[in-house]
Amino acid sequence: MEDKRTEQYRQELKEFVMSHTEDVLKNPRSFIRYPFIDPGSVYDGNVWDWDTYWSVYGFLNLADSYQDPSVKPRIIEHAQGNIRNFFDHQLEDGYIPMMIEVADWPEPYLNMRHKEGKIMNMHKPFLCSQMCLISDYTGDYAWTEEFLSGVAKYFECYDHYYFMKTADCMYGRMIL
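All chains use their own residue numbering, which begins from 1 and follows the written sequence. The predicted origin of the model limits local features to residues at a pLDDT of at least 70 and limits the giving and counting of side-chain atom pairs to 80 or more, whereas totals for whole chains, interfaces and linings rest on all residues. Excluding hydrogens and water, the side-chain figures rest on all heavy atoms present in the structure.

Visitor: What am I meant to see in the nonpolar core here?
Guide: Nonpolar side chains tend to gather and get buried jointly when the protein is soluble and globular. We call a set of buried residues a nonpolar core when its members are Ala, Val, Leu, Ile, Met, Phe, Trp, Tyr or Cys and they connect through side-chain atoms within 4.5 Å of each other. Relative accessibility under 20% of the residue-type maximum defines a buried residue, over 50% an exposed one, and the middle range a partly exposed one, all with a 1.4 Å probe and only protein chains included. Core analysis: the biggest nonpolar cluster contains 42 residues, and Val56, Tyr66, Ile75, Ile83, Phe87, Tyr95 and Met131 have the highest contact counts within it. Strands are runs of DSSP state E lasting at least 2 residues, helices are runs of H or I lasting at least 4, and numbering of each runs from the N terminus. Going through the elements one at a time, β2 (36-37), α3 (49-62), α4 (71-88), β4 (99-101), α6 (126-138) and α7 (148-161) are the ones with two or more residues in this core. A total of seven residues in this core trace back to one element, the largest contributor, which is α4. What makes two residues a contact is simply this: any of their non-hydrogen atoms within 4.5 Å. For Ile75, the residues in contact, after removing those within four places along its chain, are Leu25, Phe59, Leu60, Ala63 and Tyr66.

Next comes the structure, spelled out in C-alpha cells:
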C-alpha cells in the first residue's frame with residue numbers, strides 16, 4: 001500500500017515540476033546578463049547559490065523526460081547561465097555573492113556591501129559543484145575553462161574570509 005502511494009506522490013511531484021519548468025527558466029534582465037534559473041518561480045530576477053544547484057540537479061534528472069525536445073538544451077543553457085552570471089559579478093578579490101537580485105541598485109547588493117568592507121555572505125562551494133554537475137551531464141567540460149582563474153580567485157577569497165581552521169561541534173571541539 002505504502003509503495004503505491006509513494007509512487008503516486010513521486011509521479012504527481014514530477015508532473016508538477018515539469019509543468020512549471022518554464023516558470024523558472026528566466027531570460028536576462030538588468031545586470032543579470034545570461035539566461036538563468038530562478039528557483040522561486042514567482043520571483044523575477046534572483047540567482048541563488050545552492051538553490052540554483054539543487055534546481056539544476058533536479059532538472060537534469062528530468063531533462064530526458066520532457067515531450068518537447070527544446071526543453072533539454074534550454075535547461076542546460078540556463079544552468080550554464082547561472083555560472084556565467086555568478087562569475088560576471090565576481091569582484092577583484094575573488095568574492096562572488098551568494099545571491100544576485102535585480103532591484104533598484106546598479107549591481108548586486110551583496111557586492112556593494114562587500115566593496116564597503118563588510119564581510120557579506122559569499123557563494124558557497126556549490127559553484128564548482130554546479131559546474132561539475134552540468135559538465136558530467138553533458139560530457140562537456142571545455143565550457144568551464146574560461147572560469148578557472150575566477151575559481152582560483154574565489155577559493156583565495158573563501159580561504160581568507162570564510163574558512164575556519166577549527167569548528168565547534170555539538171559534541172566538543174573538532175580540529176580540522
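That shown, we press on.
Visitor: Sorry, what's going on with the pattern of salt bridges here?
Guide: When the charged atoms of two side chains with opposite charge come close together, those side chains can pair. Here, a salt bridge means any side-chain nitrogen of Lys or Arg that lies within 4 Å of a carboxyl oxygen of Asp or Glu. What the rule picks out here adds up to nine salt bridges. A salt bridge links Lys72 to Asp64, with the shortest nitrogen-to-oxygen separation between them at 2.7 Å. Its relative accessible area of 58% is what places Asp64 among the exposed residues. Two residues, Glu116 and Arg113, come together in a salt bridge whose shortest N-O distance is 2.8 Å.

Visitor: What should I look at first to understand the packing of α3 against α6 in this one?
Guide: Each pair of packed helices can be summarised by the angle the axes make with each other and by the distance between the axes. Axis definition: a line fit to C-alpha positions, over the contact stretch in the case of helices; interaxial angles, taken between N-to-C directions, run 0 to 180 degrees. Where α3 meets α6, the closest approach of the two axes is 9 Å, and the angle between their N-to-C directions is 15°. Accordingly, the angle class assigned to the pair α3 and α6 is roughly parallel. Between α3 and α6 lies a crossing of left-handed hand. Listed contacts from α6 to Asp49, Trp50, Thr52, Tyr53, Trp54, Val56, Tyr57 and Leu60 of α3 are Phe126, Ser129, Gln130, Leu133, Ile134 and Tyr137. Here the contact of α3 with α6 is composed, by residue class, of 10 nonpolar, three polar and one charged. With respect to orientation, any angle under 35 degrees is reported as roughly parallel, any angle over 145 as roughly antiparallel, any angle of 65 to 115 as roughly perpendicular, and every other angle as oblique. Definitions for this section: a left-handed crossing has its near helix turned counterclockwise from the far helix by less than a right angle. A right-handed crossing has that turn clockwise. Three classes are used: nonpolar for Ala, Val, Leu, Ile, Met, Phe, Trp, Tyr, Cys and Pro, charged for Asp, Glu, Lys and Arg, and polar for all others, with Gly counted as polar.

Visitor: I keep staring at the packing of aromatic side chains and nothing clicks. Help me out?
Guide: For any pair of aromatic rings, the description consists of the separation of the ring centres together with the inter-plane angle of the planes. In this analysis, rings of Phe, Tyr and Trp, with Trp reduced to its six-membered ring, are considered paired at centre separations within 6.5 Å, and the interplanar angle assigns stacked below 30 degrees, edge-to-face beyond 60, and tilted for intermediate values. Applying the stated criterion to the full structure yields 13 aromatic pairs. In this arrangement the basic side chain of Lys124 is found over the ring face of Trp50, its NZ or CZ atom lying 5.6 Å from the centre. Distance and angle both matter: a charge sits over a ring if NZ of Lys or CZ of Arg is within 6 Å of the ring centre and within 35 degrees of the ring normal.

Visitor: Can you help me understand the side chain of Asn85 in this one?
Guide: With respect to the secondary-structure elements, Asn85 resides in helix α4. Given a relative accessible area of 0%, Asn85 falls into the buried group. Non-local contacts of Asn85, meaning those with residues more than four positions away in its chain, are made with Ile32, Arg33, Tyr34, Pro35, Phe36 and Ile100.

Visitor: Is there a simple way to think about the environment of Lys118 in this case?
Guide: By the element assignment, Lys118 lies in the loop between α5 (109-115) and α6. Separated by 32 residues in sequence, Lys118 and Gly150 place their C-alpha atoms 21 Å apart.

Visitor: I would appreciate a short explanation of the environment of Asp88 in the present structure.
Guide: Mapping Asp88 onto the fold places it in helix α4. Separated by 47 residues in sequence, Asp88 and Ser135 have C-alpha atoms that sit 19 Å apart. Setting aside residues up to four positions removed in sequence, Asp88 forms contacts with Phe31, Arg33 and Tyr34. Polar contacts, as counted here, are pairs of nitrogen or oxygen atoms within 3.5 Å of one another; within protein the pair requires one atom able to donate a hydrogen and one able to accept it, and residues that are adjacent in sequence qualify only if both atoms are side-chain atoms. Looking at Asp88, its side chain comes within polar contact range of the side chain of Arg33, at 2.7 Å.

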